[in-house]
Amino acid sequence: MSKYFKSFLLTLLVLSFILVSISASFAAKNVAVLLPGAVEFFSVERIGIDKAGKEFDLNITYADAEWDAGKQLSQVENFILKKVDAIMLCAADNIALLPAVKLCNDAKIPLITFTNSLGTDPFGKYEGVVSFIGRSEIGAGIIQAEMAEQLLGDKPANIVLIEGQPGTAPQRLRSEGFFQVADEHPNWTIVEKRPIEGWTKEGALAFMEAFLQSGKKVDLVSCQWWSGAIAAAMALKNAGITGVYVTGLEYAKELVPYIQDGEVTASTYFSVVDEGYKAVEATAKYLKGEEVPAFVEIKHIIVTKDNVDDFEPEM
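The shown structure was predicted, so the numbers you read here are calculated from the model rather than taken from an experiment.

Peer 1: What is the right way to read the confidence of the model for the protein from this model?
Peer 2: Residues shown with low pLDDT carry predicted positions that ought not to be read at fine detail. Mean pLDDT over the protein: 92, with 92% of residues reaching 70 or higher. Overall, residues 11-25 carries pLDDT values under 50, and its contacts beyond four positions in sequence, including any with other chains, amount to zero contacts.

What follows is the structure in C-alpha coordinates.
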(Lines give C-alpha, C1' and ligand atoms only; values in the text may rest on other atoms or scores of the structure.)
Protein backbone atom coordinates (compact mmCIF):
# COMPACT_ATOMS: atom_id res chain seq x y z
CA MET A 1 0.00 0.00 0.00
CA SER A 2 1.54 3.28 -1.11
CA LYS A 3 1.99 6.18 1.26
CA TYR A 4 -0.32 8.22 -0.97
CA PHE A 5 -3.09 5.66 -0.64
CA LYS A 6 -2.59 5.54 3.13
CA SER A 7 -2.81 9.32 3.23
CA PHE A 8 -5.99 9.16 1.16
CA LEU A 9 -7.56 6.61 3.54
CA LEU A 10 -6.61 8.70 6.57
CA THR A 11 -8.15 11.79 5.00
CA LEU A 12 -11.30 9.81 4.16
CA LEU A 13 -11.58 8.57 7.75
CA VAL A 14 -11.16 12.08 9.15
CA LEU A 15 -13.82 13.44 6.78
CA SER A 16 -16.17 10.59 7.72
CA PHE A 17 -15.68 11.36 11.40
CA ILE A 18 -16.40 15.05 10.79
CA LEU A 19 -19.54 14.24 8.81
CA VAL A 20 -20.81 11.88 11.52
CA SER A 21 -20.14 14.54 14.17
CA ILE A 22 -21.95 17.20 12.16
CA SER A 23 -24.86 14.83 11.53
CA ALA A 24 -25.11 14.04 15.24
CA SER A 25 -25.06 17.71 16.16
CA PHE A 26 -28.01 18.37 13.84
CA ALA A 27 -30.00 15.27 14.86
CA ALA A 28 -33.27 15.97 16.67
CA LYS A 29 -32.88 15.86 20.45
CA ASN A 30 -35.14 13.66 22.56
CA VAL A 31 -36.98 15.49 25.34
CA ALA A 32 -39.19 13.85 27.97
CA VAL A 33 -42.13 15.94 29.21
CA LEU A 34 -43.53 14.70 32.52
CA LEU A 35 -47.02 15.92 33.46
CA PRO A 36 -48.57 15.43 36.91
CA GLY A 37 -52.11 14.48 35.88
CA ALA A 38 -54.86 14.81 33.29
CA VAL A 39 -56.74 18.11 33.47
CA GLU A 40 -57.77 20.49 30.68
CA PHE A 41 -54.97 22.91 31.61
CA PHE A 42 -52.30 20.43 30.51
CA SER A 43 -54.19 19.52 27.34
CA VAL A 44 -54.04 23.20 26.35
CA GLU A 45 -50.43 23.57 27.48
CA ARG A 46 -49.47 20.66 25.22
CA ILE A 47 -50.51 22.79 22.23
CA GLY A 48 -47.68 25.20 23.02
CA ILE A 49 -45.27 22.36 23.84
CA ASP A 50 -45.97 20.55 20.57
CA LYS A 51 -45.72 23.75 18.54
CA ALA A 52 -42.33 24.62 20.03
CA GLY A 53 -41.15 21.02 19.70
CA LYS A 54 -41.68 21.19 15.94
CA GLU A 55 -40.14 24.64 15.60
CA PHE A 56 -37.01 23.69 17.55
CA ASP A 57 -36.75 20.18 16.05
CA LEU A 58 -37.19 18.27 19.32
CA ASN A 59 -38.72 14.82 19.69
CA ILE A 60 -41.23 15.20 22.54
CA THR A 61 -42.30 12.15 24.58
CA TYR A 62 -45.01 12.58 27.24
CA ALA A 63 -45.67 10.78 30.52
CA ASP A 64 -48.67 11.28 32.84
CA ALA A 65 -48.16 10.58 36.57
CA GLU A 66 -51.90 10.47 37.37
CA TRP A 67 -51.20 12.67 40.43
CA ASP A 68 -48.90 10.00 41.89
CA ALA A 69 -45.54 11.45 42.97
CA GLY A 70 -43.95 8.01 43.32
CA LYS A 71 -45.01 7.08 39.81
CA GLN A 72 -43.60 10.33 38.44
CA LEU A 73 -40.25 9.75 40.12
CA SER A 74 -40.15 6.29 38.50
CA GLN A 75 -40.88 7.95 35.16
CA VAL A 76 -37.87 10.22 35.68
CA GLU A 77 -35.70 7.16 36.35
CA ASN A 78 -37.05 5.40 33.23
CA PHE A 79 -36.27 8.37 30.98
CA ILE A 80 -32.78 8.60 32.45
CA LEU A 81 -32.24 4.93 31.52
CA LYS A 82 -33.40 5.77 27.99
CA LYS A 83 -30.74 8.51 27.92
CA VAL A 84 -33.00 11.32 26.75
CA ASP A 85 -31.29 14.63 26.06
CA ALA A 86 -33.41 16.62 28.55
CA ILE A 87 -36.25 16.17 31.01
CA MET A 88 -39.01 18.75 31.41
CA LEU A 89 -40.82 18.18 34.70
CA CYS A 90 -44.15 19.56 35.89
CA ALA A 91 -44.03 18.15 39.41
CA ALA A 92 -46.89 16.19 40.97
CA ASP A 93 -45.44 17.21 44.35
CA ASN A 94 -42.89 19.97 44.81
CA ILE A 95 -41.16 18.18 47.72
CA ALA A 96 -41.55 14.49 46.91
CA LEU A 97 -39.99 15.00 43.46
CA LEU A 98 -36.82 16.67 44.78
CA PRO A 99 -34.80 13.42 44.38
CA ALA A 100 -35.30 13.87 40.61
CA VAL A 101 -32.77 16.70 40.70
CA LYS A 102 -29.90 14.50 41.90
CA LEU A 103 -30.93 11.68 39.58
CA CYS A 104 -30.78 13.99 36.56
CA ASN A 105 -27.62 15.76 37.69
CA ASP A 106 -25.79 12.46 38.28
CA ALA A 107 -26.83 11.31 34.80
CA LYS A 108 -25.78 14.68 33.35
CA ILE A 109 -29.27 15.16 31.88
CA PRO A 110 -30.55 18.75 32.11
CA LEU A 111 -33.72 19.15 34.19
CA ILE A 112 -36.12 21.97 33.36
CA THR A 113 -39.24 22.53 35.47
CA PHE A 114 -42.41 24.24 34.30
CA THR A 115 -45.84 25.22 35.68
CA ASN A 116 -45.37 23.20 38.93
CA SER A 117 -41.94 23.93 40.38
CA LEU A 118 -39.70 21.99 42.77
CA GLY A 119 -38.89 23.18 46.27
CA THR A 120 -40.38 26.24 47.95
CA ASP A 121 -38.64 29.17 46.26
CA PRO A 122 -41.27 31.77 45.24
CA PHE A 123 -39.74 31.95 41.76
CA GLY A 124 -39.31 28.20 41.29
CA LYS A 125 -35.52 28.32 41.50
CA TYR A 126 -33.74 25.23 42.80
CA GLU A 127 -30.06 24.29 42.67
CA GLY A 128 -29.51 21.70 39.97
CA VAL A 129 -32.56 22.77 37.97
CA VAL A 130 -31.67 24.66 34.78
CA SER A 131 -34.75 26.87 34.68
CA PHE A 132 -38.35 27.15 35.90
CA ILE A 133 -40.91 28.42 33.40
CA GLY A 134 -44.22 29.49 34.86
CA ARG A 135 -45.81 31.83 37.27
CA SER A 136 -44.68 32.82 40.71
CA GLU A 137 -47.07 30.63 42.70
CA ILE A 138 -46.65 32.76 45.80
CA GLY A 139 -47.37 35.73 43.52
CA ALA A 140 -50.57 34.00 42.38
CA GLY A 141 -51.65 33.62 46.01
CA ILE A 142 -50.85 37.27 46.62
CA ILE A 143 -53.08 38.21 43.65
CA GLN A 144 -55.85 36.10 45.22
CA ALA A 145 -55.51 38.10 48.41
CA GLU A 146 -55.28 41.41 46.54
CA MET A 147 -58.61 40.63 44.88
CA ALA A 148 -60.00 40.00 48.37
CA GLU A 149 -58.58 43.35 49.52
CA GLN A 150 -60.28 45.16 46.64
CA LEU A 151 -63.61 43.58 47.55
CA LEU A 152 -63.48 43.49 51.34
CA GLY A 153 -61.02 46.15 52.46
CA ASP A 154 -60.39 45.86 56.21
CA LYS A 155 -63.97 45.19 57.23
CA PRO A 156 -64.85 41.98 59.12
CA ALA A 157 -65.35 39.13 56.66
CA ASN A 158 -65.63 35.36 56.58
CA ILE A 159 -63.59 33.73 53.83
CA VAL A 160 -63.63 30.21 52.39
CA LEU A 161 -60.47 29.06 50.59
CA ILE A 162 -60.86 26.33 47.98
CA GLU A 163 -57.43 24.99 47.07
CA GLY A 164 -56.14 22.59 44.44
CA GLN A 165 -54.44 19.19 44.51
CA PRO A 166 -52.83 18.79 47.95
CA GLY A 167 -49.05 18.57 47.90
CA THR A 168 -48.54 20.36 44.58
CA ALA A 169 -46.44 23.52 44.43
CA PRO A 170 -49.43 25.65 43.28
CA GLN A 171 -51.55 24.50 46.21
CA ARG A 172 -48.87 25.06 48.83
CA LEU A 173 -47.33 28.25 47.52
CA ARG A 174 -50.58 29.98 46.52
CA SER A 175 -51.81 29.36 50.05
CA GLU A 176 -48.58 30.83 51.45
CA GLY A 177 -48.91 33.91 49.23
CA PHE A 178 -52.53 34.43 50.21
CA PHE A 179 -51.70 34.39 53.91
CA GLN A 180 -48.82 36.85 53.46
CA VAL A 181 -51.51 39.41 52.70
CA ALA A 182 -54.38 37.97 54.76
CA ASP A 183 -52.32 38.08 57.94
CA GLU A 184 -52.32 41.89 57.60
CA HIS A 185 -56.12 41.86 57.92
CA PRO A 186 -57.05 40.75 61.46
CA ASN A 187 -60.74 41.28 60.71
CA TRP A 188 -60.72 38.52 58.10
CA THR A 189 -61.66 35.04 59.33
CA ILE A 190 -60.82 31.93 57.31
CA VAL A 191 -63.83 29.78 58.14
CA GLU A 192 -62.78 26.86 55.92
CA LYS A 193 -59.66 25.92 53.94
CA ARG A 194 -60.07 22.86 51.73
CA PRO A 195 -57.71 21.29 49.15
CA ILE A 196 -59.50 19.39 46.36
CA GLU A 197 -58.06 16.20 44.86
CA GLY A 198 -57.32 16.53 41.15
CA TRP A 199 -58.37 20.20 40.92
CA THR A 200 -61.83 19.00 39.88
CA LYS A 201 -64.95 21.13 39.59
CA GLU A 202 -66.97 18.20 40.93
CA GLY A 203 -64.84 17.99 44.07
CA ALA A 204 -65.11 21.73 44.67
CA LEU A 205 -68.88 21.63 44.12
CA ALA A 206 -69.36 18.75 46.57
CA PHE A 207 -67.28 20.56 49.20
CA MET A 208 -69.09 23.88 48.73
CA GLU A 209 -72.54 22.29 48.89
CA ALA A 210 -71.60 20.54 52.14
CA PHE A 211 -70.16 23.76 53.56
CA LEU A 212 -73.32 25.76 52.81
CA GLN A 213 -75.43 23.13 54.54
CA SER A 214 -73.46 23.88 57.73
CA GLY A 215 -75.14 27.30 57.85
CA LYS A 216 -71.84 29.14 58.35
CA LYS A 217 -71.78 32.70 57.03
CA VAL A 218 -69.41 33.48 54.15
CA ASP A 219 -68.59 36.79 52.45
CA LEU A 220 -65.97 35.61 49.95
CA VAL A 221 -65.04 32.28 48.36
CA SER A 222 -61.47 32.51 47.06
CA CYS A 223 -60.45 29.66 44.74
CA GLN A 224 -57.05 28.64 43.47
CA TRP A 225 -58.33 27.81 39.97
CA TRP A 226 -61.09 28.83 37.59
CA SER A 227 -63.41 25.82 37.64
CA GLY A 228 -63.30 25.82 41.43
CA ALA A 229 -64.74 29.34 41.22
CA ILE A 230 -67.50 28.12 38.88
CA ALA A 231 -68.31 25.31 41.33
CA ALA A 232 -68.57 27.77 44.21
CA ALA A 233 -70.84 30.06 42.16
CA MET A 234 -73.05 27.10 41.20
CA ALA A 235 -73.39 25.95 44.81
CA LEU A 236 -74.31 29.44 46.00
CA LYS A 237 -76.88 29.87 43.23
CA ASN A 238 -78.42 26.45 43.87
CA ALA A 239 -78.71 27.30 47.56
CA GLY A 240 -80.34 30.65 46.75
CA ILE A 241 -77.55 32.58 48.48
CA THR A 242 -76.65 36.01 47.09
CA GLY A 243 -74.20 38.76 48.00
CA VAL A 244 -71.16 36.46 48.26
CA TYR A 245 -68.04 37.32 46.25
CA VAL A 246 -66.37 34.50 44.31
CA THR A 247 -62.87 34.78 42.86
CA GLY A 248 -60.59 32.37 41.03
CA LEU A 249 -57.29 32.15 39.21
CA GLU A 250 -56.79 31.40 35.52
CA TYR A 251 -59.24 31.67 32.64
CA ALA A 252 -61.46 29.53 30.41
CA LYS A 253 -64.32 29.82 27.93
CA GLU A 254 -66.70 28.22 30.44
CA LEU A 255 -65.82 30.90 32.98
CA VAL A 256 -66.62 33.91 30.76
CA PRO A 257 -70.44 33.98 31.21
CA TYR A 258 -70.05 33.61 34.97
CA ILE A 259 -67.87 36.72 35.05
CA GLN A 260 -70.17 38.58 32.64
CA ASP A 261 -73.17 37.79 34.87
CA GLY A 262 -71.28 38.66 38.07
CA GLU A 263 -71.61 35.17 39.54
CA VAL A 264 -67.81 34.95 39.59
CA THR A 265 -66.47 38.35 40.61
CA ALA A 266 -62.94 38.06 39.26
CA SER A 267 -60.26 35.68 37.99
CA THR A 268 -56.93 36.03 36.16
CA TYR A 269 -55.65 35.57 32.63
CA PHE A 270 -52.33 34.33 31.29
CA SER A 271 -51.51 32.32 28.17
CA VAL A 272 -51.33 28.61 28.98
CA VAL A 273 -50.20 27.87 25.42
CA ASP A 274 -47.40 30.42 25.73
CA GLU A 275 -46.26 28.87 29.01
CA GLY A 276 -45.83 25.48 27.33
CA TYR A 277 -44.10 27.06 24.33
CA LYS A 278 -41.64 29.02 26.47
CA ALA A 279 -40.78 25.92 28.51
CA VAL A 280 -39.72 24.08 25.35
CA GLU A 281 -38.00 27.18 24.00
CA ALA A 282 -35.85 27.42 27.15
CA THR A 283 -35.02 23.71 26.88
CA ALA A 284 -34.03 24.04 23.22
CA LYS A 285 -31.82 27.04 23.92
CA TYR A 286 -30.03 25.22 26.73
CA LEU A 287 -29.43 22.17 24.54
CA LYS A 288 -27.84 24.49 21.97
CA GLY A 289 -25.45 25.79 24.59
CA GLU A 290 -27.21 29.12 25.13
CA GLU A 291 -27.75 30.65 28.56
CA VAL A 292 -31.29 30.64 29.92
CA PRO A 293 -32.61 32.51 32.98
CA ALA A 294 -33.30 30.56 36.16
CA PHE A 295 -36.90 31.87 36.09
CA VAL A 296 -38.99 32.64 33.01
CA GLU A 297 -42.09 34.38 34.35
CA ILE A 298 -45.62 34.15 32.94
CA LYS A 299 -47.69 36.96 34.50
CA HIS A 300 -51.30 37.06 35.68
CA ILE A 301 -53.75 39.83 34.71
CA ILE A 302 -56.90 40.32 36.81
CA VAL A 303 -60.11 39.87 34.81
CA THR A 304 -63.47 41.28 35.93
CA LYS A 305 -66.80 42.12 34.33
CA ASP A 306 -65.25 45.41 33.15
CA ASN A 307 -62.50 43.88 30.97
CA VAL A 308 -63.62 40.28 30.37
CA ASP A 309 -64.19 40.91 26.64
CA ASP A 310 -60.52 41.87 26.19
CA PHE A 311 -59.25 38.32 26.69
CA GLU A 312 -59.65 35.29 24.43
CA PRO A 313 -59.96 32.01 26.39
CA GLU A 314 -57.57 29.17 25.53
CA MET A 315 -59.44 26.52 27.48
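Peer 1: How should the environment of Ala282 be read in this particular structure?
Peer 2: Positionally, Ala282 belongs in helix H10 (residues 272-287). Sequence spacing of Ala282 and Gly70 is 212 residues, and the spatial spacing of their C-alpha atoms is 27 Å. Not counting chain neighbours up to four residues away, the residues in contact with Ala282 comprise Ile133 and Val292.

Peer 1: Explain the packing of aromatic side chains to me, please; I cannot follow it from the model alone.
Peer 2: Think of a pair of aromatic rings as described by two things: how far the centres are apart, and how the planes are tilted against each other in angle. Tallying each qualifying case throughout the model produces twelve aromatic pairs. Of the aromatic side chains, those joined through ring pairs into one cluster are Phe41, Phe42, Trp67 and Phe270. Just above the ring of Tyr62 sits the side chain of Arg46; from NZ or CZ to the centre is 3.6 Å.

Peer 1: What am I meant to see in the nonpolar core here?
Peer 2: Nonpolar side chains tend toward joint burial in soluble globular proteins. The biggest cluster of nonpolar side chains holds 63 residues, and the ones touching the most others in it are Met88, Phe114, Ile162, Met208, Val221, Tyr251 and Val264. The element contributing the most residues to this core is helix H8 (residues 226-238), with eight residues. Apart from the residues lying within four places of it in its own chain, the contact partners of Tyr251 are Trp226, Val256, Ile259, Thr268, Tyr269, Val303, Val308, Phe311, Glu312, Pro313 and Met315. Membership of the second largest hydrophobic core comes to 19 residues, among which are Phe79, Val101, Leu118 and Val129.

What counts and how
Residues numbered from 1 in each chain as written. Predicted model: local features only at pLDDT ≥ 70, side-chain atom pairs only at ≥ 80, totals over all residues. Heavy atoms only, no water. pLDDT = per-residue confidence, 0-100. Contact = heavy atoms within 4.5 Å. Helix = DSSP H or I, 4+ residues; strand = E, 2+ residues; numbered from the N terminus. Phe/Tyr/Trp six-rings, centres within 6.5 Å; stacked < 30°, edge-to-face > 60°. Lys NZ or Arg CZ within 6 Å of the ring centre and 35° of its normal. Core = buried A, V, L, I, M, F, W, Y, C linked by side-chain atoms within 4.5 Å. Buried < 20%, exposed > 50% of the residue type's maximum accessible area, 1.4 Å probe, protein only.

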